[in-house]
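What follows is the residue order along each chain.
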Amino acid sequence: MTTAFVVMFIAGIVTGFSKFSVGGMGLIILPIVMIAFPGPEALGALLPLYIITDVMAAYSYRKNISWRVLARFLPLAFIGLLIGSYLLADLNADQFVTLLGVIIISMIVLGLYLDARPSNFMQKPITAYLMGLAGGLVTMVANAAGPLFSLFLMEQKLSKDSYVSTRAWAFLIIDVIKLPMYLSLGLLTQESLTIGAYALPGLLIGALIGYHFLKHVTPAHFKWLIRLMSCIAAMKLMFFS
């Protein structure tokens, strides 16, 4: 059994669980894949895996979608994707991951503040536009916008079912749009598709675990799980990249 297969199998389990449960684990998945495939090719190996899981999650959670939230969030995310496609080759990775970690921690702190002092700030259109732009840029450059999207959607005060459905459809739309951009950058090749296929068994196992896990999570636990996963991801970025 090769290292590549083991690494992608583990990445598949984590991806499936993340997409079908609380999300926010993208920053953990990328470093796993980079054990066997250091460099930008790791992004190309992950994208087909994400799209497969996105389709499965979007079909499983096809009800209770908040199209109102998506309509505010996605247009600026598309612009963020375009900006990210131009920056990908020249971006200073160390500065980027530190900045992203700070943004995630800041959003967690903001969420705690809003718990103590409720406000509709995160429901305002301007906030959705800014988060969409930042999320599109981050997901293009590092496949790591899960914590940002999760924290933002959580603050929209959606029900658990609506949160999961809206998140699943947001990532499906964004990842499909990333496909031609990755092709133009040379990150999506026959080799990356083959590598991604190694993850399929783990992907199915992780999705099954995540789907059943979600059914047993209360709304209060759900919110804190999202924050916990986001915090772990931010710590990974800032101190262990």
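Each remark here, short or long, concerns the structure printed above.
To start, this report covers the structure provided alongside it. What you see is a predicted model; the values in this text were computed from it and never measured. (Residues numbered from 1 in each chain as written. Predicted model: local features only at pLDDT ≥ 70, side-chain atom pairs only at ≥ 80, totals over all residues. Heavy atoms only, no water.)

### Re the overall build of the chain
Okay, step 1: Counting its secondary structure elements, the chain contains eleven helices and zero strands.
Okay, step 2: Taken from N to C terminus, the helices and strands of the chain fall in the order α-α-α-α-α-α-α-α-α-α-α.
Okay, step 3: Relative to its 241 residues, the chain shows a buried fraction of 51%.
Okay, step 4: Considering only contacts in the chain between residues 6 or more positions apart, those separated by 24 or more positions represent 86%.
Okay, step 5: Carbon together with sulfur atoms contributes 72% to the accessible area of the chain, which is approximately 11000 Å² in total. (Helix = DSSP H or I, 4+ residues; strand = E, 2+ residues; numbered from the N terminus. Buried < 20%, exposed > 50% of the residue type's maximum accessible area, 1.4 Å probe, protein only. Contact = heavy atoms within 4.5 Å. Areas by Shrake-Rupley, 256 points an atom, 1.4 Å probe, with all protein chains shown as cover.)

### Some remarks on the nonpolar core
Okay, step 1: Counting residues in hydrophobic clusters, the biggest one holds 57 residues, and the most contacted among them are M8, I29, V33, L46, F152 and Y182.
Okay, step 2: Secondary-structure elements contributing two or more residues to this core are α1 (3-20), α2 (26-36), α3 (41-60), α4 (67-87), α6 (125-142), α7 (146-154), α8 (160-184) and α10 (200-215).
Okay, step 3: A total of nine residues in this core trace back to one element, the largest contributor, which is α3.
Okay, step 4: Leave out the neighbours within four places in its chain, and Y182 touches L43, G44, L47, T139, M140, N143, L187 and L188. (Core = buried A, V, L, I, M, F, W, Y, C linked by side-chain atoms within 4.5 Å.)

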